[in-house]
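# Overview (structure and organization)
Chain by chain, the residues run as shown.
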Amino acid sequence: MKIGAVDLPSPFAIAPMAGMTDTAFRRLVKRHGGCGLVVTEMVSAEALTRGIDRTLEYAEYTEEERPISIQIFGGDPAKMAAAAQIVEGMGADIVDVNMGCPVPKIAKHNAGCSLMREPAHAARVIAAMTHAVRIPVTVKMRAGWNEEERNAPTLAKMVEDAGAAAIAVHGRTAAQSYSGSADWDLVARIAADLAIPVFGSGDCLEPEQIIERLASGVEGVLVGRGVLRNPWILAQAADLARGLPPRSVTLEDRGRFLLDYIGLLLHERVREAPAAPAEGRSHDRWVINKIRALGSWYTKGLDGGSQLRIAINSAQSLAELRDLIGAFFLASASVA
Ligand SMILES: Cc1cc2nc3c(=O)[nH]c(=O)nc-3n(C[C@H](O)[C@H](O)[C@H](O)COP(=O)(O)O)c2cc1C
């Protein structure tokens, strides 16, 4: 499939997840295969245009992640156009606009999902961006703001007319946050109505569900929490799409993933650390917090997962964390 002129090797993608889908995580998922697109964590257009270093770090990516989409949030057409130009200058393949974030801190600034409440303004944002850059501009939205305002079908058409090259729809309202279930019928109706590719998002926790959703008429599926629980899920969906059984993932594979993640994180965001002498230790703390954040998803559904989660959350050093991972995931492998 294609988004504008950008070829995607697979219709399955890692959904953007703030705090989770950093470059290290995306690289590891991508290496397993089956992943056609990765999207960065959301980045503030305001901060991008002001050149705030920390914001630029959220947008960092490596060549092996291509095609790469950088997601920005904001509500001012001129600023969003300027931010899109910065994203294009950073070499991204696609710039994505967040119209789905329900968090008040974002929504109150007329960004994220609150843009859905002003569809004409949202369309102006997209028009300003598509005039400013050559790379495709895409939009990620929810079903609507609340039950009374489920306007994704209307907004989708408006942003298509404004020049968006693809959209993604998470079939819940902002008011629902993550409760209830994603409305894939709504997503399918939007896909049938639009000429541009439509991605669906929501509640794919097993590779079989990704294949079922693809069959509902969308061109692609964005998988969020399912990837945090099982980073192989896109590769397994690709196996199924080829008529093969989904590859099996051993406990050892799962342990190695965490150790590899730690290994990559040690080279990321090194600027987060204050000056020496505490430098090394402070960066370790950042890595530990990243593993804790992933651990809360990654341990779900595992035998003994909740004990592991508690142990990860109380680990005080990387050495302790590595030992825990070794004992839980790799002990039987090294004995065998
Ligand atoms: C921890 C977390 C962070 C998220 N951050 C973003 C984000 O930055 N931008 C965005 O468009 N969606 C974000 N989402 C929404 C996901 O991209 C996705 O649409 C949603 O989780 C539904 O898909 P899932 O059921 O496969 O997780 C986030 C979701 C989670 C769980």
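Residues numbered from 1 in each chain as written. Predicted model: local features only at pLDDT ≥ 70, side-chain atom pairs only at ≥ 80, totals over all residues. Heavy atoms only, no water.

## Topic: the overall build of the chain
Looking only at helices and strands, one finds 15 helices and 11 strands in the chain. Taken over C-alpha atoms, the radius of gyration comes to 20 Å for the chain, in line with the 20 Å a tight globule of 336 residues would show. Oriented by its inertia axes, the alpha-carbon framework of the chain measures out at about 60 × 50 × 35 Å. Buried residues in the chain amount to 54% of all 336 residues. (Helix = DSSP H or I, 4+ residues; strand = E, 2+ residues; numbered from the N terminus. Rg over C-alpha atoms; globule rule 2.2 N^0.38 Å. Buried < 20%, exposed > 50% of the residue type's maximum accessible area, 1.4 Å probe, protein only.)

## Thoughts on the site of the ligand
The ligand sits among 16 residues. The nearest are Pro16, Gln71, Ser201, Asp203 and Arg225. Backbone polar atom of Gly224 to an oxygen atom of the ligand: 2.9 Å apart, as the coordinates give it. Between Arg225 and the ligand, the recorded distance is 2.7 Å, taken from a side-chain N or O atom to an oxygen atom. Here the ligand, which alone exposes 610 Å², has 89% of that area covered by the protein. Looking at the shell around the ligand residue by residue, the class counts come to 7 nonpolar, 6 polar and 3 charged. (Near = heavy atom within 4 Å. Polar contact = N/O pair within 3.5 Å; in protein donor to acceptor, adjacent residues only side chain to side chain. Areas by Shrake-Rupley, 256 points an atom, 1.4 Å probe, with all protein chains shown as cover. Nonpolar A, V, L, I, M, F, W, Y, C, P; charged D, E, K, R; others polar.)

## Things to note about the side chain of Glu65
Along the chain, Glu65 turns up in the loop between helix 3 (53-58) and strand 6 (68-73). On the basis of relative accessibility, which here comes to 0%, the residue Glu65 falls in the buried class. In this structure the side chain of Glu65 is engaged in a polar contact, spanning 2.6 Å, whose partner is the side chain of Arg26. Ignoring any residue separated from it by four or fewer positions in sequence, one finds Glu65 in contact with Thr23, Arg26, Arg27, Lys30 and Val38. (Contact = heavy atoms within 4.5 Å.)

## A word on the packing of helix 4 (residues 77-89) against helix 6 (residues 119-132)
Any two packed helices are characterised by the angle at which their axes cross and by the distance between the axes. Two numbers describe how helix 4 lies on helix 6: the axes approach to 8 Å, and their chain directions differ by 40°. The two elements helix 4 and helix 6 cross, and the hand of that crossing is right-handed. Of the residues in helix 6, those in contact with Pro77, Met80, Ala81, Ala84, Gln85 and Glu88 of helix 4 are His121, Arg124, Val125, Ala128, Met129 and Ala132. Its residues assigned to classes, the contact of helix 4 with helix 6 shows 8 nonpolar, 2 polar and 2 charged. (Axes fitted to C-alpha atoms, helices over the stretch in contact; angles between N-to-C directions. Left-handed = near helix turned anticlockwise from the far one by under 90°.)

## So, the pattern of salt bridges
As enumerated under the stated definition, the model contains 20 salt bridges in all. Residues joined by salt bridges that share partners form a network here, namely Arg26, Arg27, Glu65 and Glu268. (Salt bridge = Lys/Arg side-chain N within 4 Å of Asp/Glu carboxyl O.)

## Here we look at the nonpolar core
Counting 91 residues, the largest nonpolar core has Met99, Ile126, Met129, Met141, Ile167 and Leu234 as its most contacted members. With residues up to four places along the chain from it excluded, the contact list for Met141 reads Met99, Gly100, Met116, Ala152, Leu155, Ala156, Val159, Ile167, Ala168, Val169 and His170. Ranked by size, the runner-up nonpolar core spans 13 residues in total, among them Ala15, Ala165, Ala168 and Leu222. (Core = buried A, V, L, I, M, F, W, Y, C linked by side-chain atoms within 4.5 Å.)

## Comments concerning unusual backbone geometry
Following Arg66, the chain continues into Pro67 via a peptide bond in cis, with omega recorded as -5°. With respect to the helices and strands, Pro67 occurs in the loop between helix 3 and strand 6. Located in the positive-phi region is Ser177, a residue other than glycine, with phi close to 55°. Residue Asp203 is not a glycine yet carries a positive backbone phi of 70°. Residue position: Asp203 is located in the loop between strand 10 (198-201) and helix 9 (207-215). Of the residues examined, Asp203 reaches a relative accessible area of 27% and is grouped as partly exposed.

## Some thoughts on the packing of helix 6 against helix 7 (residues 152-161)
Running from N to C, helix 6 and helix 7 cross one another at 30°; their axes reach a closest spacing of 8 Å. Taken together, the axes of helix 6 and helix 7 are roughly parallel relative to one another. Considering how the two elements wind past one another, helix 6 and helix 7 form a crossing that is right-handed. Contacts from Pro119, Ala120, Ala122, Ala123 and Ile126 of helix 6 reach helix 7 at Leu155, Met158 and Val159. (Parallel < 35°, antiparallel > 145°, perpendicular 65-115°, else oblique.)

Limitation: the analysis is restricted to geometry and does not speak to function.
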